[in-house]
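Survey of secondary and tertiary structure
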Amino acid sequence: MTAETTGVRLHCDGPVATVTLCRPDVLNAQTPAMWRAMSDFSRDLPGDVRVVVVRGEGRAFSAGLDLSVAGASGPGSFAELSTLPEQECADRIAGYQGGFTWLHRPDVISVAAVQGHAIGAGFQLALACDLRVLAEDAKLSMAEVTLGLVPDLAGTRRLVELVGYSRALEICATGRRMDAAEADRIGLATLVVPGADLDAAVRDLTAGLLANNRDAIVEIKALLQGAATRTHAEQQRAEREAQTRRLRDLAGRGE
């Protein structure tokens, strides 16, 4: 499958991989074919990749679900999904989620470069990344509720982790749009820059991520990802164990 047929492409350049949504004529609206392709990227990723940048061609990151596909009657459409047995429908959605959840992988840091609209599935794709660099013109919305749907592409927990339950509920239940300044204020944005500086800001951030020991960063990511579900004592133990591994590795005594 090519980028022309799936609407998304993967380009690897040493330790940096770039995932590009390439349907600018429809503001990078997403389809099930794109989600399947993105899931495959996890298996295609070379072992030396340390940073994955996710971006959209043109003036938008992603306007969300392509309603011309979802609203039709063919594969991946709402009509088709509604006819499936409940478990089969849930399994199908699980496959779609795989296009997003691989960006949580412990061995890479994922960065969303967001310009223009990041709506619905577009917002969830940005949330799937560890870090989000927003252009000043970015507009974010969890718009699924306006279609009578729920966010189902692994975005709900990530949103709660970033902004808390109450704010996440308000964002999801209203489907309203927020600008980059608000996203920055409530903790959704890692960085907000003028649109002309977006590429340079992502390059600088990537360089900073690559400047330090890979194994240390993998351990740090694992420590932070698990912190919310551990007790203080469990987190302190995880820190001790991680540091012991690092010390032994640096001394040439690791496994």
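In this text, all values refer to a predicted model and were calculated from it rather than measured experimentally.

1. With respect to the packing of helix H2 (residues 32-44) against helix H5 (residues 86-101)
It is the contact of H2 with H5, at a shortest axis distance of 7 Å, that shows an interaxial angle of 55°. Of the possible angle classes, the one that applies to H2 and H5 is oblique. Here H2 and H5 pass one another in a crossing that is left-handed. Across from Pro32, Trp35, Arg36, Met38 and Ser39 in H2, the residues of H5 making contact are Tyr96, Gly98, Gly99 and Phe100. Class assignment for the residues of the contact of H2 with H5 results in five nonpolar, three polar and one charged.

2. Digging into the environment of glycine 58
Of note, glycine 58 is situated in the loop between strand E3 (51-56) and helix H3 (67-70). For the pair formed by glycine 58 and lysine 139, sequence separation is 81 residues and the distance between their alpha carbons is 15 Å. Those residues within four positions of glycine 58 in sequence are excluded, and the remaining contacts are Pro24 and Gln115.

3. Observations regarding the sheet that holds strand E4 (residues 109-114)
One open sheet accounts for six strands, arranged E1-E2-E3-E4-E6-E9; its pairing is mixed. Bordering the open sheet on either side are strand E1 (8-13) and strand E9 (191-193), each of which pairs with just one other strand. Strand after strand, the sheet turns through a mean of 20° between neighbouring axes, direction not considered. In the sheet, strand E2 (residues 16-21) pairs with E3 via six bridges, with the strands oriented parallel. The residue bridging alanine 17 from the neighbouring strand is valine 52, located in E3. Those strands touched by H2 are E1 and E2, and its axis lies near 20° from that of E1.

4. Examining the pairing of E2
Of all the six residues making up E2, six are buried; the element is thus mostly covered by neighbouring parts of the structure. Of the two faces of E2, the one lined by Val16, Thr18 and Thr20 and the one lined by Ala17, Val19 and Leu21 are each fully buried. As paired elements, E1 and E2 share six bridges and run antiparallel to each other. Looking at E2, one finds that cysteine 12 is bridged to alanine 17. The turn joining E1 and E2, which pair antiparallel and follow one another in sequence, is formed by two residues; a positive phi near 65° is taken by glycine 14. Regarding the hand of the β-α-β motif, the stretch spanning E2, H2 and E3 is right-handed.

5. What to know about empty space enclosed by the protein
Rolled over the atoms, a probe with the dimensions of a water molecule shows which regions are left empty. Evaluation of the coordinates by the stated rule reveals one cavity of 30 Å³ or more. Taken together, Arg50, Val51, Pro106, Asp107, Val108, Ile109, Leu209, Arg214, Ile217, Val218 and Lys221 make up the full set of residues lining the largest cavity. It is helix H11 (residues 214-227) that contributes the most residues to the lining of the largest cavity, four residues altogether. Here the lining of the largest cavity is composed, by residue class, of seven nonpolar, no polar and four charged. Three or more residues apiece are contributed to the lining of the largest cavity by two domains, here domain 1 (3-210) and domain 2 (213-251).

6. Details of the nonpolar core
Judged by nonpolar contacts, the single largest core of 49 residues is most densely connected at Met38, Val52, Leu159 and Leu188. Per-element tally for this core: the top contributor is helix H6 (residues 121-128), with six residues.

7. Focus on the sheet that holds strand E5 (residues 117-119)
An order of E5-E7-E8 is seen for the three strands of this open sheet, with the pairing classed as mixed. Edge strands, defined here as strands with exactly one partner in the open sheet, are E5 and strand E8 (178-179). Relative to E8, strand E7 (residues 139-141) runs antiparallel, the two sharing two bridges. Looking across to E8, one finds that lysine 139 is bridged to aspartate 179. Helix-sheet contacts for H6 involve E5 and E7, and the interaxial angle to E5 is about 95°.

8. Considerations on unusual backbone geometry
With phi around 60°, asparagine 28 is a residue other than glycine that occupies positive phi space. In this structure, alanine 154 takes a positive phi of about 70° despite not being glycine. Along the polypeptide, alanine 154 turns up in the loop between E7 and helix H7 (156-163).

9. Re a nonpolar patch on the surface
On the surface, Leu67, Phe78, Leu147 and Leu149 cluster together into a nonpolar patch covering about 320 Å² of accessible area. Structurally, the position occupied by leucine 147 is in the loop between E7 and H7. Leucine 147 sits in the partly exposed class, given a relative accessible area of 43%.

Definitions and cut-offs
Residues numbered from 1 in each chain as written. Predicted model: local features only at pLDDT ≥ 70, side-chain atom pairs only at ≥ 80, totals over all residues. Heavy atoms only, no water. Axes fitted to C-alpha atoms, helices over the stretch in contact; angles between N-to-C directions. Helix = DSSP H or I, 4+ residues; strand = E, 2+ residues; numbered from the N terminus. Parallel < 35°, antiparallel > 145°, perpendicular 65-115°, else oblique. Left-handed = near helix turned anticlockwise from the far one by under 90°. Contact = heavy atoms within 4.5 Å. Nonpolar A, V, L, I, M, F, W, Y, C, P; charged D, E, K, R; others polar. Pairing = 2+ DSSP bridges. Buried < 20%, exposed > 50% of the residue type's maximum accessible area, 1.4 Å probe, protein only. Right-handed = clockwise from strand over helix to strand, strands pointing away. 1 Å grid on protein atoms, 1.4 Å probe; cavity = no way out; pocket = protein on both sides within 12 Å on 5 of 7 lines; lining within 4 Å. Points joined across faces, edges and corners; volume = space filled by probe spheres on them. Domains from an automatic or database assignment. Core = buried A, V, L, I, M, F, W, Y, C linked by side-chain atoms within 4.5 Å. Patch = residues over 30% accessible without salt bridge, like charges linked within 9 Å, V, L, I, M, F, W, Y side chains within 5 Å. Areas by Shrake-Rupley, 256 points an atom, 1.4 Å probe, with all protein chains shown as cover. Salt bridge = Lys/Arg side-chain N within 4 Å of Asp/Glu carboxyl O.

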